[in-house]
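Structure assessment
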Amino acid sequence: MEEIHCSDKGKTFSDIYHHKLRAFFKRFDRDNDGYLSHYDYVEMTSINMREVIPRDKADIISQMKSEVWSKVMEPLGEITDGVVKVSIEKLCQLDFTTPEALKATAAAFSTFFDGVDEDGNGYISPDEFRMYFKGHGWDTTNANEGFKVIDTNKDGLISKEEFIQAGCNYLSQQDDTPFKNMYGPLP
């Protein structure tokens, strides 16, 4: 996985881009302390995933999230009480629009897909997508809306291509697209 660098000084991002990153931040700030930590981003997901999907698949997701943390999030953080913490302001400086960032995002979502595709048929069903939400500790009531957004061909399943495209669009698109709701409505 390649590192994703913070934006250059002077580069501006749209309000919708910042809104999506703030929603992303809020979903992962598990202890609601206003910062992301390894505990929030990796450990809580690992614990939750092991409760809803097979351990080997949960471990794949945990490994990728740990890699994302060390290469993307941790360099943004500051050490507080011996723990690396990332503020919302720092997260909003990330530039997910670069070719390197898009490549890293696609790789991460490919891994997440493989972990969530519990039956290995190459598609995520609505039930598997709800497990993806539950495994992240998110309210599953928004899973149906997110599923509909990602299932662009409306066949009732999410292909790997659709999942990766949705993840890349969510994290990189500056415009107001339906992908902003892949995790449910923006708060």
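Placed above this text is the structure.
If you're wondering where the values come from, they're calculated on a predicted model, not measured in any experiment.

Calculation rules
Residues numbered from 1 in each chain as written. Predicted model: local features only at pLDDT ≥ 70, side-chain atom pairs only at ≥ 80, totals over all residues. Heavy atoms only, no water. Helix = DSSP H or I, 4+ residues; strand = E, 2+ residues; numbered from the N terminus. Rg over C-alpha atoms; globule rule 2.2 N^0.38 Å. Buried < 20%, exposed > 50% of the residue type's maximum accessible area, 1.4 Å probe, protein only. Pairing = 2+ DSSP bridges. Expected span 1.5 Å × (residues − 1). Core = buried A, V, L, I, M, F, W, Y, C linked by side-chain atoms within 4.5 Å. Contact = heavy atoms within 4.5 Å. Salt bridge = Lys/Arg side-chain N within 4 Å of Asp/Glu carboxyl O.

1. Description of the overall build of the protein
Looking only at helices and strands, the protein features 8 helices and 5 strands. When the helices and strands of the protein are placed in sequence order, the string is α-β-α-α-β-β-α-α-β-α-α-β-α. Its C-alpha atoms give the protein a radius of gyration of 16 Å, within 12% of the compact-globule value 16 Å for 187 residues. Once the C-alpha set of the protein is aligned to its principal axes, its extents read approximately 45 × 35 × 30 Å.

2. What to know about the pairing of strand S3 (residues 83-87)
Of all 5 residues that make up S3, 4 are buried, and the element is covered over most of its length. When strand S1 (residues 35-36) meets S3, the two strands line up antiparallel, connected through 2 bridges. For tyrosine 35, the partnering residue across the bridge sits in S3 and is serine 87. By the bridge criterion, 3 bridges tie strand S2 (residues 78-80) to S3 in an arrangement that is antiparallel. Bridge assignment links threonine 80 to a residue of S3, and that residue is valine 83. Between S2 and the antiparallel strand that follows it, S3, lie 2 residues; aspartate 81 among them carries a positive phi value of about 55 degrees.

3. A short note on helix H1 (residues 15-28)
Look at H1: 20 Å from first C-alpha to last across 14 residues, which is about the 20 Å you get at 1.5 Å a residue. Looking at H1, one finds that the buried residues are Ile16, Tyr17, Lys20, Leu21, Ala23, Phe24, Phe25, Arg27 and Phe28.

4. Remarks on the nonpolar core
Counting 54 residues, the largest nonpolar core has Met73, Phe109, Phe129, Tyr132 and Phe163 as the members making the most contacts within it. Non-local contacts of phenylalanine 109, meaning those with residues more than four positions away in its chain, are made with Tyr132, Phe163, Ile164, Gly167, Leu171, Met182 and Tyr183.

5. Observations regarding the pattern of salt bridges
As enumerated under the stated definition, the model contains 7 salt bridges in all. Between aspartate 59 and arginine 50 there is a salt bridge, with its nearest N and O atoms 2.6 Å apart. For arginine 50, a relative accessible area of 35% puts it in the partly exposed group. The shortest N-O distance in the salt bridge between aspartate 114 and lysine 160 comes to 2.9 Å. With aspartate 114 in helix H5 (residues 99-116) and lysine 160 in helix H8 (residues 160-172), the pair connects residues that are 46 residues apart, well separated along the chain. In this structure, a network of salt bridges that share partners links the residues Arg50, Arg55 and Asp59.

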